[in-house]
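# Understanding the architecture of this molecule
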Amino acid sequence: MKLSQLLLIILLPAFAICQQKKSETTITGKITGKIPETIEYTLPVNGIDYFGFTNSVQPDSLGNFQIKLPLNKTSFIELSTNYKSYGTLITEPKMNYKVYINTENQENKFIVTSKNEKGQQLYNKIPNRNMIVGEGHFELQSQAYLKDSVIADIKQKTEQRREIEIAEFKKLLKNKIISKDFYALVQTDRDYFYKGMHGSVSFINYLNTAQNKNALTKEQYTELWSSIFVSNPITNPELLSSPWFFYYIQNYLRYKELIIEATSTASLAELHKQGLIHTHNINNAKKYLSGQQLEYYFAAYIYYEAINKNYEKELIALFEQFKTEYPSSAYTTFLEPLIIPIITFHKKQVEPLNEKTKFIDNAAGINSVKDALKGLNGKQYYIDIWATWCGPCKAEFKNNTKLYQLLKSKNITMVYISIDKESRENQWKDMIHFYNLEGYHIRANEKLDANLRNLYGNQSMGIPWHFLTDENGNIIKKSVSGPSEIENLEKQLNETNP
């Protein structure tokens, strides 16, 4: 073997390592204010960015952290803690970024220094850029156009907003302050966001038709809905780089199902009742998507549904199906931690119910809080208003051990009132079992629900809602802390029950 060949073999691994390091994008951060336990950051897979596919890094005691990412294309990176965004980075391969996060100053909470720093600053000022909120932003932003009855007006207004947002980036590009790749990603992001908003306007008009509250006729919202997939098709490979990909595709699938296939909402409701709606939705996606698009949508769909913690057994089967169809998928590692609790949830159901868990009798005839508490023989009652679909409600339950100890020491009786609809009766009972909720339980009928909203003082009652009553159901404190703020709750209880 020639010496040159031998040297090539010896040096090749070192050269490969060197090349790999050069392809890394480095984010160096500094946190001021309250330092969180971890900083979560999205991990673009093939340039695709989704709020659920994340890794995390632990800041040191001074708030310093570092993230290294092997990027092969310009990508969005979202930095957050517990789905609360600090800001968005538009990152390019082989570049270094310095990020400053202030957890106590909202006006100056996220600063980036890099080659494109003016573009970073500009992008983070866009009020609807936060992908963690997701489709809610499509629908939230579309509210401003739900009374418009002329398609041209909706298009004109939204185009003006898009042009205003993109104009400053055009100036930065013209003056070579941001790169072409940076600008192209922002442009795709804004284009698909506003077209997605058109889709939401159409979808909400479709739903409002049943109650005659639609501003657009069926012909109008169908025309508006179909037009976005002509100007901004789902086949555009750049769509995969947009944080709005999942929500845009979801809107497209709704259009295909509800408008083109004319599937009735009643039949979809029946599938939901049978526990087959997620399987149906994935099968529907398979009719129109393929390749990377389908793999990503399938994974994102499972994630999005699993984080709601409704613990549908159907998601377990879909996850197994996903692993079979995509045995080497990079997304599997993000899904597995969400599926394990669902498996645990269903194993829990075969265990005996806690003897301290009691259901209030004759629930159908209980029309007020006072009715619910009659005959329970408590001196005071701590009332927890919740629902199976309420994420913050369920997050409170992990602190229940301390809550029950505190209430017992104060001789206060625990009562849970769920505002779930009758269709979620089984889910309600299963969750009580899974979370081991000790105390009395009732699922509110329509009159009890109305009574609660009157007591709250707003028909849009916010939950979880905790309050304290006397032995007759008269409210002593209209709002008290939940179990996650046990020390504050103890102070509040001491004021009424020293």
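Computed from a prediction, not measured in an experiment: that's the story for all the values here. (Residues numbered from 1 in each chain as written. Predicted model: local features only at pLDDT ≥ 70, side-chain atom pairs only at ≥ 80, totals over all residues. Heavy atoms only, no water.)

This paragraph deals with the nonpolar core. Among the nonpolar cores identified, the biggest contains 110 residues, and Phe53, Ile385 and Leu452 are the most heavily contacted of them. The contact partners of phenylalanine 53, leaving out residues within four places of it in the chain, are Tyr41, Thr42, Leu43, Tyr296, Ala299, Ala300, Tyr303, Tyr331, Phe334 and Leu335. Counting residues in hydrophobic clusters, the runner-up holds 19 residues, among them Ile31, Leu71, Leu79 and Val112. (Core = buried A, V, L, I, M, F, W, Y, C linked by side-chain atoms within 4.5 Å. Buried < 20%, exposed > 50% of the residue type's maximum accessible area, 1.4 Å probe, protein only. Contact = heavy atoms within 4.5 Å.)

Considering only enclosed or pocket space, the second largest pocket measures out at about 1,200 Å³ in volume. Lining the second largest pocket are 36 residues, with His272, Ile277, His278, Asn281 and Glu312 sitting closest to its centre. Contributing elements (two or more residues each) for the lining of the second largest pocket: helix 5 (180-208), helix 7 (245-260), helix 8 (265-273), helix 9 (277-288), helix 10 (291-306), helix 12 (332-348) and helix 16 (425-434). Classifying every residue of the lining of the second largest pocket by side-chain character gives twelve nonpolar, 14 polar and ten charged. (1 Å grid on protein atoms, 1.4 Å probe; cavity = no way out; pocket = protein on both sides within 12 Å on 5 of 7 lines; lining within 4 Å. Points joined across faces, edges and corners; volume = space filled by probe spheres on them. Helix = DSSP H or I, 4+ residues; strand = E, 2+ residues; numbered from the N terminus. Nonpolar A, V, L, I, M, F, W, Y, C, P; charged D, E, K, R; others polar.)

The two faces of strand 2 (residues 39-42) match: Ile39 and Tyr41 on one face and Glu40 and Thr42 on the other face are all buried. Two strands pair when backbone bridges link them, and strand 2 and strand 5 (residues 75-81) are joined in this way by two bridges, in the antiparallel orientation. Bridging from a neighbouring strand, tyrosine 41 pairs with leucine 79 of strand 5. (Pairing = 2+ DSSP bridges.)

With that out of the way, let us pick up the environment of asparagine 367. Mapped onto the secondary structure, asparagine 367 falls in the loop between strand 9 (357-359) and helix 13 (369-373). A relative accessible area of 29% places asparagine 367 in the partly exposed class. If sequence neighbours within four positions are ignored, asparagine 367 has contacts with Asn445, Lys447, Leu448 and Asn451. One polar contact links asparagine 367 to asparagine 445, side chain to side chain, over a distance of 3.2 Å. (Polar contact = N/O pair within 3.5 Å; in protein donor to acceptor, adjacent residues only side chain to side chain.)

A word on the packing of helix 5 against helix 6 (residues 218-231). At a minimum axis distance of 9 Å, the contact between helix 5 and helix 6 shows a crossing angle of 155°. What the angle tells us is that helix 5 and helix 6 run roughly antiparallel. Seen along the crossing, helix 5 lies across helix 6 with a hand that is left-handed. Judged by residue contacts, Lys195, His198, Gly199, Val201, Ser202, Phe203, Asn205 and Tyr206 of helix 5 engage Tyr221, Leu224, Trp225, Ile228 and Ser231 from helix 6. Of the residues that constitute the contact of helix 5 with helix 6, the class distribution is seven nonpolar, five polar and one charged. (Axes fitted to C-alpha atoms, helices over the stretch in contact; angles between N-to-C directions. Parallel < 35°, antiparallel > 145°, perpendicular 65-115°, else oblique. Left-handed = near helix turned anticlockwise from the far one by under 90°.)

Omega for the peptide link from isoleucine 463 to proline 464 comes to 5°, which places this bond in the cis form. Note on placement: proline 464 falls in the loop between helix 17 (446-456) and strand 13 (465-470). A positive phi is found at lysine 176, a non-glycine position, where the angle reads about 60°. Of note, lysine 176 is situated in the loop between helix 4 (151-174) and helix 5.

In this section: the state of the cysteines. A full pass over the atoms with the stated rule returns one disulfide. Disulfide pairing is shown between cysteine 390 and cysteine 393; the S-S distance is 2.3 Å. Taking the sign of the S-S torsion, 80° for the link of cysteine 390 and cysteine 393, the bridge is right-handed. (Disulfide = S-S within 2.5 Å.)

Averaged over every residue, the pLDDT of the chain is 89; residues scoring 70 or more account for 94%. For the chain, helix 1 (residues 3-22) is the element with the lowest average pLDDT, namely 38, and helix 11 (residues 314-325) is the one with the highest, namely 97. Predicted confidence is poor over residues 1-22, with pLDDT under 50, and the contacts of this stretch with residues over four places away or in other chains come to three contacts. (pLDDT = per-residue confidence, 0-100.)

Now for the pattern of salt bridges. Where charged atoms of side chains with opposite charge meet at close range, the side chains can pair. Tallying each qualifying case throughout the model produces 19 salt bridges. Between aspartate 189 and arginine 190 there is a salt bridge whose closest N-O contact spans 2.8 Å. With a shortest N-O distance of 3.4 Å, arginine 424 and aspartate 420 are connected by a salt bridge. Take arginine 424 and aspartate 420: they sit in the same class, and that class is buried. Overlapping salt bridges bring together Glu159, Arg162, Glu163, Lys170 and Asp191 as one network. (Salt bridge = Lys/Arg side-chain N within 4 Å of Asp/Glu carboxyl O.)

Quick look at the packing of aromatic side chains now. Geometry of an aromatic ring pair is reported as the spacing of the ring centres plus the angle between the planes. A complete count under the given rule lists 44 aromatic pairs for this structure. Judged by centre distance (4.9 Å) and plane angle (55°), the ring pair of phenylalanine 193 and tryptophan 244 falls under tilted. Pair noted here: phenylalanine 193 is in helix 5 and tryptophan 244 is in the loop between helix 6 and helix 7, with a separation of 51 residues, a long-range link. Accessibility assignment for this pair places phenylalanine 193 and tryptophan 244 in one class, buried. Centroid distance phenylalanine 359 to tryptophan 428: 5.4 Å. Interplanar angle 80°. Geometry classified as edge-to-face. Here the residue phenylalanine 359 occupies a position in strand 9, and tryptophan 428 occupies one in helix 16, the gap between them amounting to 69 residues. (Phe/Tyr/Trp six-rings, centres within 6.5 Å; stacked < 30°, edge-to-face > 60°.)

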